[in-house]
Amino acid sequence: MIECWRWYGAYDTISLPEIAQTGATGIVHALHEVPYGEVWTSDAIAARRGEIAKAGFDWTVAESLPIHESIKRGDGNLSTLFANYRQSMANLAANGIRTICYNFMPLLDWTRTDLTAPLARGGTCLRFDQARMAAFEIHMLGRARAEDDYSHEVRNRAAIWFQQSNEADREALLHAIMSGLPGAFDRYDIAGLRGALERYDGIDRATLRANYKRFLDEVIPTAEELGMVFCVHPDDPPRDILGLPRIVSDADDIAWILSAVDSPANGLTLCSGSLGANPANDVPAIAKRFAKSIRFAHLRNVRKDPDGSFEEAAHLDGDTDMVALIRVLVAEEARRQEANESFAQIPMRPDHGHDLLSDLERDNFPGYPLIGRMRGLAELRGVTRALQQVQTHG
Ligand code: CS2
Ligand code: MN
């Protein structure tokens, strides 16, 4: 496994020399400052790669090479957007970056309703609360379509939360839902979000899948030519939100994606935290079933409530059996090495982390603190090393 760390470049308050002390050797990075749909130039990639190399790291994975909303919506003529995307791929490959993580979530990337939920022993975590999300969708946005996504009981609690909330509570909820990644993409207020959602009117699951297939047809042959691998990141949370369909949420979705274009370049980012938020997803079993297609691993854990809410647990402590999952990854790496396959080692990163100790005084991106992720990485490293030894020596 290649131990990696997501670094947000100029947007990050955590420096490369600090990351070096965590023991990670690979950097996961994107040119976050480039507006979605524009080309990542070779010069800009080379400069960033040089900066990363100078600090002693390899730029191991490009995450994400973002997909413009027009491609997801399937708006009219997309030839320029596809050509730009392929140009960015070629520029990455020319600079030795051959693993591309992306996602196909309409409109919003990962979504939480609370960025600082307290932990029992101190520190904070990210939380997704069903009633708050329902309050946002149904009462703040006025999305009647979203009502079907919630139980009667959750809708009741959502109505009560909304009635009792003040302006500041609603602002904080909007802020939590809209935060996510840094960079040059649209961020919305309520009115803006309503407008953006209208542009998705009429786009159901089947249409979104067709648009996704069209994207894969446009880029996977190029990835093959360039010797690159693509790995789709699952939806987070893995279910429809804002009344929009999500199509990368479970084993059936993954099977559909991998068979939509059958190629070794069409692969998967196994994100245990994203998939693990759906009680129907058995993450180690999913990893086992699709092991050959896993090109990147995001390792983190979640603890679920019966109503569908969840919070991010310590890396080894949530509902997902991380030891079982890492065992699958370690076995798959051994198989690839044995078969002399390229991309034998799987890059991993401790996906999110808790805000712990000095993280609490530091301004970092939600989910991406230094100490909390370092704790996660250290725990995962211990499990991995032990299982690697068992794999080799029995
Ligand atoms: C994150 C991803 O929530 C998560 O699990 O790792 O959302 C990530 O930020 C991108 O969506 C990957 O393309
Ligand atoms: Mn992830």
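The structure presented is a predicted model; accordingly, all values stated were derived computationally and were not measured.

**Some details on the overall build of the protein chain**
Looking only at helices and strands, the protein chain features 14 helices and twelve strands. Over its C-alpha atoms the protein chain spans a radius of gyration of 20 Å, differing by no more than 12% from the 21 Å that the globule rule assigns to 394 residues. Each of the 394 residues in the protein chain was classed as buried or not, and the buried ones make up 44%. Looking at the protein chain alone, contacts between residues at least 24 apart form 71% of all its contacts between residues at least 6 apart.

**So, the site of ligand 1**
Around ligand 1, a shell composed of 15 residues is seen, among which Ser 64, Asn 103, Trp 110, His 233 and Asp 236 lie nearest. Among the elements of the structure, β4 (99–103) and α11 (272–276) are those that each provide at least two residues to the shell around ligand 1. Counting residues per element, the shell around ligand 1 draws most heavily on β4, which supplies three residues. Partitioned by chemical class, the residues of the shell around ligand 1 number five nonpolar, six polar and four charged.

**Considering the pairing of strand β6 (residues 124–128)**
In terms of residue burial, β6 counts as a mostly covered element, since five of its five residues are buried. Residues Thr 124, Leu 126 and Phe 128 of β6 are buried on one face, and the alternating residues Cys 125 and Arg 127, pointing to the opposite face, are buried as well. Note that strand β5 (residues 114–118) and β6 share three bridges and pair antiparallel. In the strand pairing of β6, Pro 118 is matched with Thr 124.

**With respect to helix α9 (residues 205–226)**
Between its first and last C-alpha atoms α9 spans 31 Å; for 22 residues at 1.5 Å apiece the expected length is 32 Å, and the two agree. At Val 219, α9 shows its strongest bend, of approximately 30 degrees, with the proline Pro 221 following within four residues. Three or more residues of α9 are buried, namely Leu 208, Asn 211, Tyr 212, Phe 215, Leu 216, Val 219, Ile 220 and Ala 223. At its buried positions, α9 is contacted by α3 (69–73), α4 (79–94), β7 (229–233), α10 (251–260) and β8 (266–271). Backbone geometry just after α9 places Gly 227 at a positive phi near 70 degrees.

**Brief notes about the confidence of the model for the protein chain**
Confidence along the protein chain averages 96 in pLDDT terms, with 99% of residues attaining 70 or more. The complex prediction reports pTM at 0.97, with the ipTM value standing at 0.96.

**Considering the packing of helix α13 (residues 322–338) against helix α14 (residues 370–393)**
Here α13 crosses α14 at 50 degrees, and the two axes come no closer than 9 Å. Taken together, the axes of α13 and α14 are oblique relative to one another. Between α13 and α14 lies a crossing of right-handed hand. Residues Met 322, Val 323, Ile 326, Arg 327, Val 330, Ala 331 and Ala 334 of α13 form the contact with α14, whose own contacting residues are Val 383, Thr 384, Leu 387, Gln 388 and Gln 391.

**Brief notes about the nonpolar core**
Of all hydrophobic cores here, the largest spans 70 residues; its most connected members are Phe 230 and Leu 329. Counting residues per element, this core draws most heavily on α9, at seven residues. Discounting residues that sit within four places of it in the chain, Phe 230 has contacts with Ile 100, Tyr 102, Val 219, Ile 220, Ala 223, Ala 265, Asn 266 and Gly 267. Core analysis: the next-biggest nonpolar cluster, separate from the first, contains 24 residues, Phe 128, Ala 176, Ala 277 and Val 302 among them.

**Section: the environment of Arg 375**
Mapped onto the fold, Arg 375 is located in helix α14. Judged by the 21 C-beta atoms lying within 10 Å of it, Arg 375 is buried. A sequence separation of 61 residues divides Arg 375 from Ala 314, and the C-alpha atoms of the two residues are 8.8 Å apart. Ignoring anything within four residues of it in the chain, the contact list for Arg 375 reads Gly 353 and Leu 356.

**Thoughts on the sheet that holds β4**
As summarised here, the arrangement of the eight strands in space is β1-β2-β3-β4-β7-β8-β9-β12, forming a closed barrel in which the pairing is parallel. Strand-to-strand twist across the sheet, computed as the mean angle between neighbouring axes with direction ignored, equals 30 degrees. Looking at chain direction, strand β3 (residues 58–63) and β4 are connected through two bridges and run parallel. The partner of Ala 62 across the bridge, within β4, is Ile 100.

**Description of the sheet that holds strand β10 (residues 301–304)**
With respect to topology, four strands assemble into an open sheet ordered β5-β6-β11-β10, the strand pairing being antiparallel. Strand pairing shows two members of the sheet lacking a second neighbour, β5 and β10, which therefore form its edges. The mean angle between the axes of side-by-side strands here comes to 40 degrees, regardless of whether they run parallel or antiparallel. As judged from the two bridges shared by β6 and strand β11 (residues 310–313), these two strands associate in the antiparallel manner. Looking at β11, one finds that Arg 127 is bridged to Glu 311.

**Focus on the domain arrangement of the protein chain**
Domain boundaries assigned for the protein chain yield domain 1 (2–110 + 203–393) and domain 2 (114–197). A separation of 25 Å is found between the C-alpha centroids of domain 1 and domain 2. In this assembly, 30 residues from domain 1 lie in contact with 27 residues from domain 2.

**What to know about the packing of helix α5 (residues 130–140) against helix α6 (residues 152–164)**
Look at α5 against α6: their axes get within 8 Å of each other, and the N-to-C directions meet at 70 degrees. With respect to each other, α5 and α6 are oriented roughly perpendicular. Residues Gln 130, Ala 131, Arg 132, Ala 134, Ala 135, Ile 138 and His 139 of α5 form the contact with α6, whose participating residues are Val 154, Arg 155, Arg 157, Ala 158, Trp 161 and Phe 162. Of the residues in the contact of α5 with α6, the class split is eight nonpolar, two polar and three charged.

Analysis parameters
Residues numbered from 1 in each chain as written. Chains lettered and ligands numbered in written order. Predicted model: local features only at pLDDT ≥ 70, side-chain atom pairs only at ≥ 80, totals over all residues. Helix = DSSP H or I, 4+ residues; strand = E, 2+ residues; numbered from the N terminus. Rg over C-alpha atoms; globule rule 2.2 N^0.38 Å. Buried ≥ 20, exposed ≤ 12 C-beta atoms within 10 Å, placed from the backbone. Contact = placed C-beta atoms within 7 Å. Near = placed C-beta within 6 Å. Nonpolar A, V, L, I, M, F, W, Y, C, P; charged D, E, K, R; others polar. Pairing = 2+ DSSP bridges. Expected span 1.5 Å × (residues − 1). Bend = angle between axes of the 7 residues up to and from the residue. pLDDT = per-residue confidence, 0-100. Axes fitted to C-alpha atoms, helices over the stretch in contact; angles between N-to-C directions. Parallel < 35°, antiparallel > 145°, perpendicular 65-115°, else oblique. Left-handed = near helix turned anticlockwise from the far one by under 90°. Core = buried A, V, L, I, M, F, W, Y, C linked by C-beta atoms within 7 Å. Domains from an automatic or database assignment.

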